[in-house]
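Next come the chains, spelled out residue by residue.
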Amino acid sequence: MKSFQINTTLIYPGYFRTDFLSGDSVKTPEFPIGEYENARQVEQAHLNEINGNQPNDPERSAEVIIQLSKEKKPPVHFFMGEDAYSLAKQKIQSLQKALDAFKELSSSTGYIK
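These figures come from a predicted structure and were not determined experimentally.

Enquirer: Which residues make up a nonpolar patch on the surface, and what values do they have?
Expert: A grouping of M1, F4 and I6 is seen on the molecular surface, where their side chains present a nonpolar patch of about 350 Å² in accessible area. Structurally, I6 is set in the segment before β1 (10-13). Note on I6: relative accessible area 39%, which makes it partly exposed.

Enquirer: Could you give an account of helix α2 (residues 58-69), with specific residues and numbers?
Expert: Its 12 residues give α2 an end-to-end C-alpha distance of 17 Å, which sits within 8% of 16 Å, the value for a rise of 1.5 Å per residue. Backbone nitrogen of E59 and a side-chain oxygen of the N-cap are separated by 2.9 Å at the start of α2; the cap is D57.

Enquirer: Tell me about the packing of aromatic side chains, residues and numbers included.
Expert: One pass over the structure, following the stated rule, counts 1 aromatic pair. Ring geometry for Y12 against F79: centres 4.5 Å apart, planes inclined by 10 degrees, an arrangement best described as stacked. Pair noted here: Y12 is in strand β1 and F79 is in strand β2 (residues 77-80), with a separation of 67 residues, a long-range link.

Enquirer: Got a sec to walk through helix α3 (residues 82-101)? Specific residues and values, please.
Expert: Compared with the 28 Å implied by 1.5 Å per residue over 20 residues, the 29 Å span of α3 between its first and last C-alpha is a close match. Of all the residues in α3, the buried ones are D83, A84 and A88. Taken end-on, α3 shows its buried residues confined to a sector of 130 degrees, consistent with a single buried face. When the buried face of α3 is taken as reference, the exposed residues oriented beyond 90 degrees from it are E82, Q93, K97, D100 and A101. On its buried face, α3 is in contact with β1 and β2.

Calculation rules
- Residues numbered from 1 in each chain as written.
- Predicted model: local features only at pLDDT ≥ 70, side-chain atom pairs only at ≥ 80, totals over all residues.
- Heavy atoms only, no water.
- Patch = residues over 30% accessible without salt bridge, like charges linked within 9 Å, V, L, I, M, F, W, Y side chains within 5 Å.
- Areas by Shrake-Rupley, 256 points an atom, 1.4 Å probe, with all protein chains shown as cover.
- Salt bridge = Lys/Arg side-chain N within 4 Å of Asp/Glu carboxyl O.
- Helix = DSSP H or I, 4+ residues; strand = E, 2+ residues; numbered from the N terminus.
- Buried < 20%, exposed > 50% of the residue type's maximum accessible area, 1.4 Å probe, protein only.
- Expected span 1.5 Å × (residues − 1).
- Polar contact = N/O pair within 3.5 Å; in protein donor to acceptor, adjacent residues only side chain to side chain.
- Phe/Tyr/Trp six-rings, centres within 6.5 Å; stacked < 30°, edge-to-face > 60°.
- Arc of directions from axis to C-beta.
- Contact = heavy atoms within 4.5 Å.

This is the structure in structure tokens:
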């Protein structure tokens, strides 16, 4: 898009207080598979604990998106919400740890001169 002078931003949203996690929006399996028990527990946490307690305001997110659209050089990646920002930082730290732990092995695939 750059050659057309069009900027794009990929937004990674955190949890916003909407009806997204409401019963009408979420469908759970009628016959759950036992091996997916952990996934079902996470799903129930979303439905029972997070729904209605999401930390971010959807109206403020609209303001942020409008502000981003006015930037001359908007970011390609934008983490919206303190929760999204924190999760991204944790992921970066995890990736950095994995990179550092296996640097030698990762770099060992070149041709021997």
